[in-house]
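What follows is the residue order along each chain.
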Amino acid sequence: MSTRADLTIAALRQGHDDLSTLVAGLTADQLTGPSAASEWDVSQVISHLGSGAEINLEAVRASLEGRPAPDFDFNKGVWARWDGMTPQERQEAFPEANRRLVEAYEAFTPQQRASHRIDVGWMPEPVDVATSALLRLSEFAYHDWDVRVAFDPSAVLAPEAAALLTERIEGLLGWIAKPANLDGRTADLLVRLTDTGETLGLHLADPVALTAEAPAAPDGELSLTLEAWLRLAAGRLKPEYTPADVQISGPITLDDLRAVFPGY
């Protein structure tokens, strides 16, 4: 039976193979065209993923060698090198950098996947292999979408990644949600995931909270697929990228939710 670590590493492999193929075929104009990350062109998103792969790989190697996690100076050096690359250099460097990281995760034995711990540098304690891989998958999947949707407005999060990202949403809300953008309004929404049949409670106040139980007396209802919900919570459900079957009722609008979840 596949473990959580197995599934997450397999999703990282699939994402790597698919995005590397896409990146290899991009023209110079496409590389410097806008991505869905508003402040970055496509090559800058690729640069972010490539530098992140190097930093993650160093954390993995350090954990195996008994060394401390890479410090901020190491990270800054990696970021500076990728920032200094031309778009074409980023295009060439990304597949190799990301391949090395994916292969490092794939090399963990079943025993290591169950028991090994990795200090990622910014978490309170070292995390297991599955969590480390999931942290990378969360970053990778959303930025993969940022690139893909630049060329296909109907692009969605990779299904194999979306199925794993749900456990990250609650933890993200504390630092990505901006309830102040509701100008003092509060609400409890019932969130209905139409493809999974799951219902959640979304408490729009300070702090924003997500619960496994639907509110007893919701102020409104948000109905959408799991994939659309994941993108909404990560600031990636702008009107032009919103599926027609997303529905909301009550005093809170989709624009209100987009303001609460502006993205990162």
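Residues numbered from 1 in each chain as written. Predicted model: local features only at pLDDT ≥ 70, side-chain atom pairs only at ≥ 80, totals over all residues. Heavy atoms only, no water.

This paragraph deals with the overall build of the protein. Helix and strand content of the protein: 10 helices and seven strands. The globule rule puts the C-alpha radius of gyration for 264 residues at 18 Å, and the 19 Å found for the protein is close to it. Expressed as lengths along the three principal axes of its C-alpha atoms, the size of the protein is roughly 55 × 45 × 35 Å. When burial is assessed residue by residue, the protein has 49% of its 264 residues classed as buried. A sequence separation of at least 24 residues applies to 68% of the contacts in the protein between residues at least 6 apart. Summed over all atoms, the accessible surface of the protein reaches about 12,400 Å², with 53% contributed by carbon and sulfur. Placing the 21 positive and 40 negative side-chain charges of the protein at their respective mean positions leaves the two points 4 Å apart. (Helix = DSSP H or I, 4+ residues; strand = E, 2+ residues; numbered from the N terminus. Rg over C-alpha atoms; globule rule 2.2 N^0.38 Å. Buried < 20%, exposed > 50% of the residue type's maximum accessible area, 1.4 Å probe, protein only. Contact = heavy atoms within 4.5 Å. Areas by Shrake-Rupley, 256 points an atom, 1.4 Å probe, with all protein chains shown as cover. Lys, Arg positive; Asp, Glu negative; His and termini not counted. Charge placed at Lys NZ, Arg CZ, Asp CG, Glu CD.)

Counting residues in hydrophobic clusters, the biggest one holds 63 residues, and the most contacted among them are Tyr105, Leu202, Leu204, Trp229 and Leu257. What Leu202 contacts, discounting residues up to four positions off in sequence, is Ala187, Asp188, Leu189, Val191, Val208, Ala209, Leu210, Trp229, Leu257 and Phe261. With 12 residues, the next largest nonpolar core counts Val23, Leu26, Ile46 and Phe94 among its residues. (Core = buried A, V, L, I, M, F, W, Y, C linked by side-chain atoms within 4.5 Å.)

For the bond from Asp206 to Pro207, the omega torsion is 10°, close enough to zero to count as cis. As for its position among the elements, Pro207 is in the loop between strand E4 (199–204) and strand E5 (209–211).

Here helix H1 (residues 4–24) contains 21 residues, and its C-alpha end-to-end distance of 30 Å stays within 8% of the 30 Å for a straight helix at 1.5 Å per residue. Restricting attention to buried positions, one finds in H1 the residues Ala5, Thr8, Ile9, Ala11, Leu12, Gly15, His16, Leu19, Ser20 and Val23. All buried residues of H1 fall inside an arc of 155° around its axis, so they share one side. Buried-residue contacts for H1 involve helix H3 (42–65), helix H5 (87–106), helix H6 (110–115), helix H7 (129–148) and helix H8 (159–176). (Expected span 1.5 Å × (residues − 1). Arc of directions from axis to C-beta.)

This paragraph deals with the environment of Leu190. Within the secondary structure, Leu190 is located in strand E3 (residues 187–193). In this structure Leu190 comes out as buried when scored by relative accessible area, which is 11%. In the structure, Leu190 is positioned 10 residues away from Leu200 in sequence and 5.9 Å away in space, judged by C-alpha atoms. Those residues in contact with Leu190 that lie beyond four places of it in its chain are Thr199, Leu200, Ala214, Pro215, Pro218, Gly220, Glu221 and Leu222.

What follows is about the packing of aromatic side chains. Applying the stated rule across the entire model yields four aromatic pairs. Between Phe72 and Trp79, the aromatic rings sit 5.7 Å apart at their centres with planes inclined by 70°, giving edge-to-face as the arrangement. For Phe72, a relative accessible area of 53% gives the class exposed. Centre to centre, the rings of Trp229 and Phe261 are 6.4 Å apart; their planes meet at 90°, and the pair counts as edge-to-face. Within this pair, whereas Trp229 is found in helix H9 (residues 226–233), its partner Phe261 is found in the segment after helix H10 (254–260), the two being separated by 32 residues in sequence. There is no split in this pair, since Trp229 and Phe261 are both buried. (Phe/Tyr/Trp six-rings, centres within 6.5 Å; stacked < 30°, edge-to-face > 60°.)

Attention now goes to the pattern of salt bridges. Under the definition given, this model contains 19 salt bridges. A salt bridge links Arg4 to Glu167; the nearest nitrogen and oxygen atoms lie 2.9 Å apart. Note that Arg4 is positioned in helix H1 and Glu167 in helix H8, a separation of 163 residues in sequence. The exposure class of Arg4 is partly exposed, given its relative accessible area of 31%. A salt bridge links Arg136 to Glu139; its shortest N-O distance comes to 2.8 Å. Placement of the pair is Arg136 and Glu139 together in helix H7, with a separation of three residues, close to one helical turn. One connected set of salt bridges, linked through shared partners, spans Glu96, Arg99, Arg100 and Glu103. (Salt bridge = Lys/Arg side-chain N within 4 Å of Asp/Glu carboxyl O.)

Let's shift gears to H5. Here H5 contains 20 residues, and its C-alpha end-to-end distance of 29 Å stays within 8% of the 28 Å for a straight helix at 1.5 Å per residue. The sharpest bend along H5 measures roughly 35° and falls at Ala93, with the proline Pro95 sitting one to four residues further on. All buried positions along H5 are accounted for by Pro87, Arg90, Gln91, Phe94, Ala97, Asn98, Leu101, Val102, Ala104 and Tyr105. (Bend = angle between axes of the 7 residues up to and from the residue.)

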